[in-house]
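Results of the structural survey
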Amino acid sequence: MRSYKGLKTILVLFTLVLILGFTYLFEEAYLWLSFGFVFLAILIFLVRFERRKVEPRELVLLAVLASIAAVGRIPFASLPSVQPTTFVIMMSGFVFGAESGFIIGAVAALASNMILGQGPWTPWQMAAWGLVGLSAGWLRNTKILTSKTGRIIFGIAWGYLFGWVMNLWGFLSIVQSGSPFEWKAFIVYLIGSATFDTMHAVSNVIFLLLFGEVWIKILTRFKRKYGLLK
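Residues numbered from 1 in each chain as written. Predicted model: local features only at pLDDT ≥ 70, side-chain atom pairs only at ≥ 80, totals over all residues. Heavy atoms only, no water.

1. Topic: the overall build of the chain
A tally of regular secondary structure across the chain gives 10 helices and 0 strands. In the chain, buried positions account for 45% of the 230 residues. A fraction of 75% describes how many contacts in the chain between residues 6 or more apart in sequence connect residues 24 or more apart. Accessible area for the chain stands at about 12,400 Å²; split by element, carbon and sulfur atoms hold 73% of it. (Helix = DSSP H or I, 4+ residues; strand = E, 2+ residues; numbered from the N terminus. Buried < 20%, exposed > 50% of the residue type's maximum accessible area, 1.4 Å probe, protein only. Contact = heavy atoms within 4.5 Å. Areas by Shrake-Rupley, 256 points an atom, 1.4 Å probe, with all protein chains shown as cover.)

Set out below in C-alpha cells:
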C-alpha cells in the first residue's frame, strides 16, 4: 500500500514537471499545459475508480461541492483574492479525502471560469485549487488539520501558496515572451502580489472561524449517514 501511494505521488510530480518543461521550452504552449492538467485530473480520478467503485450518488456529491466552490467566487469577484472557494475545497478534501478534494478543486476552477473568463491561467488555477484539496486530504489525519489552530495555519499557508503558483504562471509567461529569467525579478514579482495573497489568507481564516466547524459536522454527517466516499 505504501509503495502504491508512493508511486502515485511520483507519477503526479513527474507529470507536473513534464508539463512545466513543455511550457518553458515551447512558446505559447498553454494548450499543452491545459491538456496536461486535464489529463492529470482524469488520471487521479481513474486511480480512485480503480481502488473502489464510485457510486452515482458520490459523483453527485462531488459535483454539488464543486458547484458550491465555483459559484462562491462570483459574488466576491469585485474583491481581489477574497472568496470562499479555497475554504470549500479545503473542507471537502479534509472530510472526503485527497482524490475527491483534488477533483472538486480542479472542477471548481474550470466551472467558475466559464463565467469569470477562461484563459491560459485556468489550468494553473485548476492545479492550485486541486492541490489545496489534495493536501487537505493527505493531512486530514495529522495534528495539522485535526486541530482548529492547525486548520487556520493551513488556510493561511494556502492563501500565499495559491498566489505563488499563479505568480509562477505569470512570470513564466513573461519569460516566454522574450524577457530573461532573473531571480531578483521573480522575487519582486512575488512581493508585488503580497497584498492580494494576504487578503486571500485572511479570507480563508475568516471562513474557517465562522463556518469551519459547521461545515465539518455537516459533511461528516452526510458521509456517515449515506456511506459516501469512505
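That shown, we press on.
2. Some remarks on the nonpolar core
Residues Ile89, Met90 and Met91 are the most contacted members of the largest nonpolar core, which totals 39 residues. It is helix H4 (residues 85-96) that contributes the most residues to this core, 8 residues altogether. Met91 has contacts with Arg151, Leu208, Gly212, Trp215, Ile216 and Leu219, leaving out every residue within four places of it along the chain. (Core = buried A, V, L, I, M, F, W, Y, C linked by side-chain atoms within 4.5 Å.)

3. A short note on the side chain of Arg73
Along the chain, Arg73 falls in the loop between helix H3 (56-71) and H4. Despite being buried, Arg73 has no salt bridge partner; Asp197 is the closest side chain of opposite charge, sitting 13 Å away. Here Arg73 is in contact with Gln83, Thr85, Ala109, Ser112, Asn113, Leu116, Gln125 and Trp129, once residues within four sequence places are set aside. (Lys, Arg positive; Asp, Glu negative; His and termini not counted. Salt bridge = Lys/Arg side-chain N within 4 Å of Asp/Glu carboxyl O.)

4. Some remarks on the pattern of salt bridges
Considering all chains together, one arrives at 1 salt bridge under this definition. Between Arg151 and Glu213 there is a salt bridge, with its nearest N and O atoms 2.7 Å apart. Here Arg151, found in helix H8 (residues 148-176), pairs with Glu213, found in helix H10 (residues 194-226); they are 62 residues apart in sequence, far enough to count as distant. Given a relative accessible area of 35%, Glu213 falls into the partly exposed group.

5. Side note on the packing of helix H5 (residues 98-116) against helix H6 (residues 122-138)
Viewed as axis vectors pointing N to C, H5 and H6 meet at an angle of 155°, and their least axial separation amounts to 7 Å. One way to sum up the angle between H5 and H6 is to call them roughly antiparallel. In this structure, H5 crosses over H6, and the sense of that crossing is right-handed. Judged by residue contacts, Ala98, Glu99, Gly101, Phe102, Gly105, Ala106, Ala109, Leu110 and Asn113 of H5 engage Thr122, Gln125, Met126, Trp129, Gly130, Leu131, Gly133, Leu134, Gly137 and Trp138 from H6. Of the residues belonging to the contact of H5 with H6, the class tally is 10 nonpolar, 8 polar and 1 charged. (Axes fitted to C-alpha atoms, helices over the stretch in contact; angles between N-to-C directions. Parallel < 35°, antiparallel > 145°, perpendicular 65-115°, else oblique. Left-handed = near helix turned anticlockwise from the far one by under 90°. Nonpolar A, V, L, I, M, F, W, Y, C, P; charged D, E, K, R; others polar.)

6. Quick word on the packing of aromatic side chains
Scanning the model with the defined rule gives 6 aromatic pairs in all. Relative to Phe162, the ring of Trp129 lies with its centre 4.6 Å away and its plane at 40°, an arrangement referred to as tilted. Separated by 33 residues along the polypeptide, Trp129 in helix H6 and Phe162 in helix H8 bring together distant segments of the chain. What makes Phe162 buried here is its relative accessible area of 9%. An aromatic cluster is built from Phe76, Phe87, Phe207, Phe211 and Trp215, whose rings are joined through pairwise contacts. (Phe/Tyr/Trp six-rings, centres within 6.5 Å; stacked < 30°, edge-to-face > 60°.)

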